[in-house]
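Analysis of the macromolecular model
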Amino acid sequence: MKTAIFLIALFCLVVPVRAQEIHPGTRPDKTQRELLKRGYGMFIHYGMNTFLDKDWSEGVEPASTYHPTQLDCDQWVRIAREAGFRYVVLVTKHHDGFCLWDSKYTDYDVASSPVPTDIIAAVAKACKKYGLQLGLYYSPAGTGSCPCRRALAGDTYTGPAPP
């Protein structure tokens, strides 16, 4: 056993170990070329904070706070196309936990609000109509009424995946 440990230690000392060397690229890689080809896109960050006049909320406001009076997702996408954008990225759920669709994991969503329009479906339909690509941003973090809040506080969470 001592011989094996000695040989392993000797091997480690004799064989040079080198870290991976990262060299800056001189040309964009495939992913970067696709992004350049895609062009400009519109990032839509719409949700509970739109009605709170805040940049950040803790997800403690009631779902009834979300109450758009002139919701027109088609208009958002039409304007994006008219402005020359080629794709739209929609924030579907941010850190406050409010979901822009009817989530089966939480009541902190549009379905529990006065205006239960599925924003994701409406924006997807408009993107198809106007020929824009659609990207979805989803934050797995959650505060407030999000069921994973206990996990964020360091407690063990064994419930369903966050909305």
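Conventions we followed
- Within each chain, residues carry numbers counting from 1 in the order of the written sequence.
- Only residues with pLDDT of 70 or above have their local features reported here, since the model is predicted, and side-chain atom pairs are shown and tallied only from 80 upward, although totals for entire chains, interfaces and linings are computed over all residues.
- Only hydrogens and water are set aside; all other atoms, that is, all heavy atoms of the structure, feed into the side-chain values.
- What makes a salt bridge here is a side-chain nitrogen of Lys or Arg within 4 Å of a carboxyl oxygen of Asp or Glu, nothing more.
- For every residue, the accessible area obtained with a 1.4 Å probe (protein chains only) is divided by the maximum for its type, and the residue is called buried under 20%, exposed over 50%, and partly exposed between those limits.
- Secondary structure elements follow DSSP: runs of H or I of four or more residues count as helices, runs of E of two or more count as strands, with numbering from the N terminus.
- Note that the arc is computed from the directions linking the helix axis to the C-beta atoms.
- We call two residues in contact when some of their heavy atoms are within 4.5 Å.
- Nonpolar core, defined: a set of buried Ala, Val, Leu, Ile, Met, Phe, Trp, Tyr and Cys residues in which side-chain atoms within 4.5 Å join the residues together.

Summed over the entire model, instances satisfying the criterion amount to four salt bridges. Between Glu61 and Lys54 there is a salt bridge whose closest N-O contact spans 3.4 Å. For Glu61, a relative accessible area of 12% translates into the label buried. Note that Arg78 is salt-bridged to Glu82, the shortest N-O span being 3.2 Å. Highlighted residues: Arg78 and Glu82, both in helix H3 (residues 73-82), separated by four residues, approximately one helical turn.

Once that is clear, we can look at H3. Turning to H3, its buried residues are Cys73, Trp76, Val77 and Ala80. Buried residues of H3 fall within an arc of 90 degrees about the axis and therefore sit on the same side. For H3, the elements touching its buried residues are strand S1 (41-44), strand S2 (87-93) and helix H4 (119-130).

Here we come to the nonpolar core. Formed by 25 residues in total, the largest nonpolar core has its most connected members in Phe98, Ile119 and Val123. Elements with a minimum of two residues in this core: H3, S2 and H4. When residues of this core are assigned to their parent elements, the largest contribution, six residues, is made by H4. Setting aside chain neighbours within four positions, we find Phe98 in contact with Met48, Ala63, Tyr66, Thr92, Lys93, Tyr108, Asp109 and Val110.

Structural measurements only, silent on function.
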